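Architecture at a glance
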Amino acid sequence: MAESKVAIYGAIAANVAIAVTKFVVAGVTGSSAMLSEGIHSAVDTFNGVLLLVGIRLSKRPPSAEHPFGHGKELYFWSLIVAVLIFGLGGGVSFFEGVQHIRHPEPMRDPTWNYVVLAAAAVFEGASFVIALREFLKQAGDTPFWEALDRSKDPTTYTVLAEDSAALAGLLVAGLGIYFSHSLNMPELDGVASVVIGLLLAGVAVFLIRQARGLLIGEGIRPETARAIREMAMAQPSVEEVGHVLSMYVGPNDVLVVVDVNFHDDTDTGEAADAIAAIEKQVRARFPMIKRLFIEASDAPAAEGAVLGAAH
């Protein structure tokens, strides 16, 4: 989680450095696209603060009301961030663009717009590199797009998505300002603002989709469940493996319940050894599984009790 904070701090620093400048230049030049970019940077700054709040709250220890901890706090706050990007970032930018198209105003000297966009590209690029480096470190050897789809740490992929949208938005704003001024068509500046709004809305939809899956109880991938089932079946005393139930309770905290059926002649000692072996193998291969419950559905011989491992 410390690595995730690095990406967030980098994003906050970049957005604070350019948000005020964008607003000032938007007021001086009258650029709708620049105003949208200022709104974008301001929203991203606030979003970074909310993600830090989510990290802090998610670290609270388990309680009687929340026996599995507060890891899902991070998913809740990432959902709030996505909604803010959609509403404040995308919605306001889209509205501002439409208003500028309906009531176009000639752009004054665009020079400062280009200066600010270039400076913003440097800051946003630096933030993007920091977030990308942290994301690739977490991904390991997994291909980028696959790692992005699999990632359960919203602090990293949210910053990465925001910075990607910011860099694309800067390009769109630059093109809108250039063509608006060179062709003497102020409506094009408004069109650029609308495009920026749609871009932010698209990023927000992706983030909402990710947060939704994690909040409603997304579990491990099917191939991971199959691997756990194979580990259990490799034990000589195991006859059958039933359900493998799972749920992410935090970015690196997974709850897994495995239903194991033993052969009729298996005694409690053999069953206990098998459960311990399965647990050791699963934890070694999948360290994110912090809470592992292995249940013996058919009672082993001798004591006639249901054995289970819960850690």
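Conventions adopted
Residues numbered from 1 in each chain as written. Predicted model: local features only at pLDDT ≥ 70, side-chain atom pairs only at ≥ 80, totals over all residues. Heavy atoms only, no water. Phe/Tyr/Trp six-rings, centres within 6.5 Å; stacked < 30°, edge-to-face > 60°. Buried < 20%, exposed > 50% of the residue type's maximum accessible area, 1.4 Å probe, protein only. Lys NZ or Arg CZ within 6 Å of the ring centre and 35° of its normal. Patch = residues over 30% accessible without salt bridge, like charges linked within 9 Å, V, L, I, M, F, W, Y side chains within 5 Å. Areas by Shrake-Rupley, 256 points an atom, 1.4 Å probe, with all protein chains shown as cover. Salt bridge = Lys/Arg side-chain N within 4 Å of Asp/Glu carboxyl O. Lys, Arg positive; Asp, Glu negative; His and termini not counted. Charge placed at Lys NZ, Arg CZ, Asp CG, Glu CD. Helix = DSSP H or I, 4+ residues; strand = E, 2+ residues; numbered from the N terminus. Pairing = 2+ DSSP bridges. Contact = heavy atoms within 4.5 Å. Axes fitted to C-alpha atoms, helices over the stretch in contact; angles between N-to-C directions. Parallel < 35°, antiparallel > 145°, perpendicular 65-115°, else oblique. Left-handed = near helix turned anticlockwise from the far one by under 90°. Nonpolar A, V, L, I, M, F, W, Y, C, P; charged D, E, K, R; others polar. Right-handed = clockwise from strand over helix to strand, strands pointing away.

Describing the packing of aromatic side chains
In the structure shown here, the tally under the stated rule is 5 aromatic pairs. Where Phe-76 meets Trp-77, the ring centres are 5.2 Å apart and the plane angle is 80 degrees; that geometry is what we call edge-to-face. With a relative accessible area of 37%, Phe-76 lands in the partly exposed category. Relative to Trp-145, the ring of Phe-144 has its centre 5.1 Å away and its plane inclined at 80 degrees; by these criteria the two rings are edge-to-face. The class for Trp-145 is exposed, based on a relative accessible area of 64%. Taken together, the ring pairs connect Phe-135, Phe-144 and Trp-145 into an aromatic cluster. Lys-152 extends its terminal NZ or CZ atom over the ring of Tyr-248, reaching a point 5.4 Å from the ring centre.

What to know about a negative patch on the surface
Negative charge collects at one region of the surface, where Glu-239, Glu-240, Asp-264, Asp-265, Asp-267, Glu-270 and Asp-273 lie side by side. Of all elements in the fold, only β1 (238-250) and α9 (268-285) reach the threshold of two or more residues within the negative patch. Relative to the helices and strands, Glu-270 is located in helix α9.

Details of the pairing of β1
In this structure, β1 lies alongside strand β2 (residues 253-262), joined through 9 bridges in antiparallel fashion. Directly across from Tyr-248, in β2, lies its bridge partner Val-254.

Side note on the side chain of Gln-210
Following the sequence through the fold, Gln-210 ends up in helix α7 (residues 187-215). Exposure remark for Gln-210: the relative accessible area of 8% places this residue in the buried category. Setting aside chain neighbours within four positions, we find Gln-210 in contact with Leu-148, Asp-149, Ser-151 and Tyr-157.

Some remarks on the packing of helix α3 (residues 73-102) against helix α6 (residues 154-182)
A pair of packed helices is captured by two measures, namely the crossing angle of their axes and the spacing between those axes. Between α3 and α6, whose axes approach to 10 Å, the crossing angle comes to 15 degrees. Taken together, α3 and α6 sit at an angle that is classed as roughly parallel. Of the two elements, α3 crosses α6, and the hand of that crossing is left-handed. Mapping the contact onto sequence places Leu-74, Tyr-75, Ser-78, Val-81 and Ile-85 in α3 and Pro-154, Thr-155, Thr-158 and Glu-162 in α6. A breakdown of the residues in the contact of α3 with α6 according to their chemical character gives 5 nonpolar, 3 polar and 1 charged.

Here's the deal with unusual backbone geometry
One non-glycine residue with positive phi stands out, namely Asn-184, at about 55 degrees. On the secondary structure map, Asn-184 appears in the loop between α6 and α7. Classification of Asn-184 by relative accessible area gives exposed; the value is 63%.

Some details on the pairing of strand β3 (residues 289-296)
When β2 meets β3, the two strands line up parallel, connected through 7 bridges. Among the inter-strand pairings, Val-257 is bridged to a residue of β3, identified as Phe-293. Handedness of the crossover joining β2 and β3 through α9 is recorded here as right-handed.

Let's talk about the pattern of salt bridges
This model, assessed by the stated rule, comprises 8 salt bridges. A salt bridge links Glu-134 to Lys-137; the shortest N-O distance between them is 3.6 Å. Note that Glu-134 and Lys-137 are positioned in helix α4 (residues 111-139) at a spacing of 3 residues, about one turn of the helix. Since its relative accessible area comes to 5%, Glu-134 is described here as buried. According to the relative accessible area criterion, Lys-137 is exposed, its value standing at 53%. For the salt bridge of Glu-146 with Arg-150, the shortest nitrogen-to-oxygen distance reads 2.6 Å. Here Glu-146 and its partner Arg-150 are both found in helix α5 (residues 144-150), 4 residues apart, which amounts to about one turn of the helix. Owing to a relative accessible area of 32%, Glu-146 belongs among the partly exposed residues under this scheme. The partly exposed category is assigned to Arg-150, whose relative accessible area is 30%. One continuous salt-bridge network, built from bridges that share partners, spans Glu-146, Arg-150, Arg-221 and Glu-223.

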